[in-house]
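Close look at the chain arrangement
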Amino acid sequence: MRLNIALLGAGFIGKVHAENLAQNPSVGFAGIYDLDEASARAVAEQHGVPLLGSLEGALNDDSIDAVFITTPPDTHPTLILRAAQAGKAVFCEKPVGTNLDEVDALLQSLADIDRPVQIGFNRRFDSHHRALAEKLKGGAIGRLEQVTITSRDPHPPPVAYMRNTPGGIFYDSMIHDFDMARWLLDEEPIEVYAVASSLIGEELNPDRDPDTAMATLRTASGKMCAIQMSRRAVYGYDQRLEVFGEKGMLQSGNVQVHNVRHYGAKIIGEEVLLNFFTDRYRQSYVQELESFLLAVLHDHPVEVTIWDGRQSLALSLAALRSATEGVPVQLNYPHAPRQTHRDRLQ
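Read on for a plain summary of the structure. (Residues numbered from 1 in each chain as written. Predicted model: local features only at pLDDT ≥ 70, side-chain atom pairs only at ≥ 80, totals over all residues. Heavy atoms only, no water.)

Brief notes about the overall build of the chain
- The number of helices and strands found in the chain is 12 helices and 14 strands.
- Taking 20 Å as the expected radius of gyration for a compact globule of 346 residues, we find that the chain reaches 20 Å, a close match to that expectation.
- Referenced to the eigenvectors of the C-alpha coordinate spread, the extents of the chain come out at roughly 60 × 50 × 45 Å.
- Here the chain holds 346 residues, and the buried ones make up 51% of them.
- By sequence separation, contacts in the chain at least 24 residues apart represent 72% of the contacts at least 6 residues apart.
- Of the charged side chains in the chain, 32 are positive and 45 negative; the average position of the first set lies 5 Å away from that of the second. (Helix = DSSP H or I, 4+ residues; strand = E, 2+ residues; numbered from the N terminus. Rg over C-alpha atoms; globule rule 2.2 N^0.38 Å. Buried < 20%, exposed > 50% of the residue type's maximum accessible area, 1.4 Å probe, protein only. Contact = heavy atoms within 4.5 Å. Lys, Arg positive; Asp, Glu negative; His and termini not counted. Charge placed at Lys NZ, Arg CZ, Asp CG, Glu CD.)

Next comes the structure, spelled out in structure tokens:
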């Protein structure tokens, strides 16, 4: 059984997904659309798939079963709704949107539409992090008390990118870590306190946008999570998880180019870390596609729902507010939407 999928968006992350769509034997790569026709054409020609002439054409094509949305974040709520109303299953890259009111309106609009919608928080599908989560949920350390997440990029994004996403260290980068925190805590944080600074040189960050940040989360039962994030780690892509509980601790460490260690008279050393998220998390993108296929073709629960996307966005915006105002921010969540398909919060 194959699922015919159209890709909407031919930017950087769209190209990552295009590669996986083209290689998966359960996918019929039905074509690609982007407002930038030249970019879409290049990706279409690379993978030998059709260049779709219009968004409307893609959504109204009955031969297309699902869409992958990798367009700019502020377009996500509208495209998710239009695709779901057209009867398509939907995969949408994070974030689910940039405005909570729009996302809440989307949830209400989708209440009676019974189609799977998955949000692209790929780190849940990393084999190392997943093994940690499985041991945690299996009771390996008893009652969870603390989560510690380290997330440092090897270098800042381009200046133009940061100018388009001011404060984006929270809602563009750390949003992944907020999703991981919710996943591991298995309980909604009710308070967030965050601080941020501009510590990287003006050559890489001339506008002095926050490039270094820390956030702490607390749940109603007292569980805690500490997140530290930087846009520059000279030694590579630094990605670590630690969970601590009444019976011990679990860690998911960094991934290196290889695990050979060198022992010499004047050195004990090992290989550097993988250098970018497309290297470190390459396989996780493959696995999240497999999860989406299971949800659509075999009626499995969607593992990362719109509600998950909504909650992580809420934490990101609360952290940005906390860092700006210098105070902890309390979070009062609405009730999860009524379930119609198993793509709703379990």
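A few points about the environment of Leu8
- Of note, Leu8 is situated in strand E1 (residues 3-8).
- On the basis of relative accessible area, Leu8 is assigned to the buried category, the value being 2%.
- With 59 residues separating them in the primary sequence, Leu8 and Val67 have C-alpha atoms 6.9 Å apart.
- Each residue touching Leu8, except ones within four places of it in the same chain, is listed here: Tyr33, Leu55, Ala58, Val67, Phe68, Ile69, Thr70 and Thr71.

What to know about the packing of helix H4 (residues 76-85) against helix H5 (residues 100-109)
- Two elements in contact, H4 and H5, have axes separated by 10 Å at closest approach and are oriented at 10°. The angle between H4 and H5 places the two elements in the roughly parallel class. Taking contact as the criterion, the partners of Pro77, Ile80 and Leu81 in H4 are, on H5, Glu102, Leu106 and Ser109. (Axes fitted to C-alpha atoms, helices over the stretch in contact; angles between N-to-C directions. Parallel < 35°, antiparallel > 145°, perpendicular 65-115°, else oblique.)

Some points on the pattern of salt bridges
- Under the counting rule described, the total for this entry stands at 19 salt bridges.
- Of the charged contacts, one joins Arg130 and Glu303 as a salt bridge, the two residues approaching to 2.6 Å between their closest N and O atoms. With a gap of 173 residues between them, Arg130 in helix H6 (residues 127-137) and Glu303 in the loop between helix H11 (282-298) and helix H12 (306-325) connect regions that are remote in the sequence.
- Salt bridges here are not isolated pairs; linked through shared partners, they connect Arg124, Asp179, Arg182, Glu188 and Asp308. (Salt bridge = Lys/Arg side-chain N within 4 Å of Asp/Glu carboxyl O.)

Digging into the packing of aromatic side chains
- Counted by the stated rule, this structure contains four aromatic pairs.
- Between Phe91 and Phe292, the aromatic rings sit 6.1 Å apart at their centres with planes inclined by 75°, giving edge-to-face as the arrangement. Of the two residues, Phe91 is situated in strand E4 (residues 89-93) and Phe292 in helix H11; the sequence distance between them amounts to 201 residues. Of the two residues, Phe91 and Phe292, neither departs from the other in class, the shared state being buried.
- Every member of this aromatic cluster is reached through a ring pair, and the members are Phe68, Phe91 and Phe292. (Phe/Tyr/Trp six-rings, centres within 6.5 Å; stacked < 30°, edge-to-face > 60°.)

With respect to the nonpolar core
- Core analysis: the biggest nonpolar cluster contains 33 residues, and Val67, Ile69, Ile80, Val90, Leu110, Ile119 and Ile306 have the highest contact counts within it.
- The leading source of residues in this core is H4, at five residues.
- Those residues in contact with Ile80 that lie beyond four places of it in its chain are Ile69, Val90, Cys92, Val96, Leu106, Leu110, Val117, Ile119 and Ile306. (Core = buried A, V, L, I, M, F, W, Y, C linked by side-chain atoms within 4.5 Å.)

Some points on the sheet that holds E4
- Judged by pairing direction, the sheet is parallel, and its five strands sit side by side in the order E2-E1-E3-E4-E5 without closing on themselves. Taken across any chain shown, the strands that pair with only one partner, and hence form the sheet edges, are strand E2 (27-33) and strand E5 (117-120). For this sheet the average axis-to-axis angle between neighbouring strands, irrespective of direction, equals 20°.
- Judged from the four bridges that link them, E4 and E5 form a sheet pairing that is parallel. (Pairing = 2+ DSSP bridges.)

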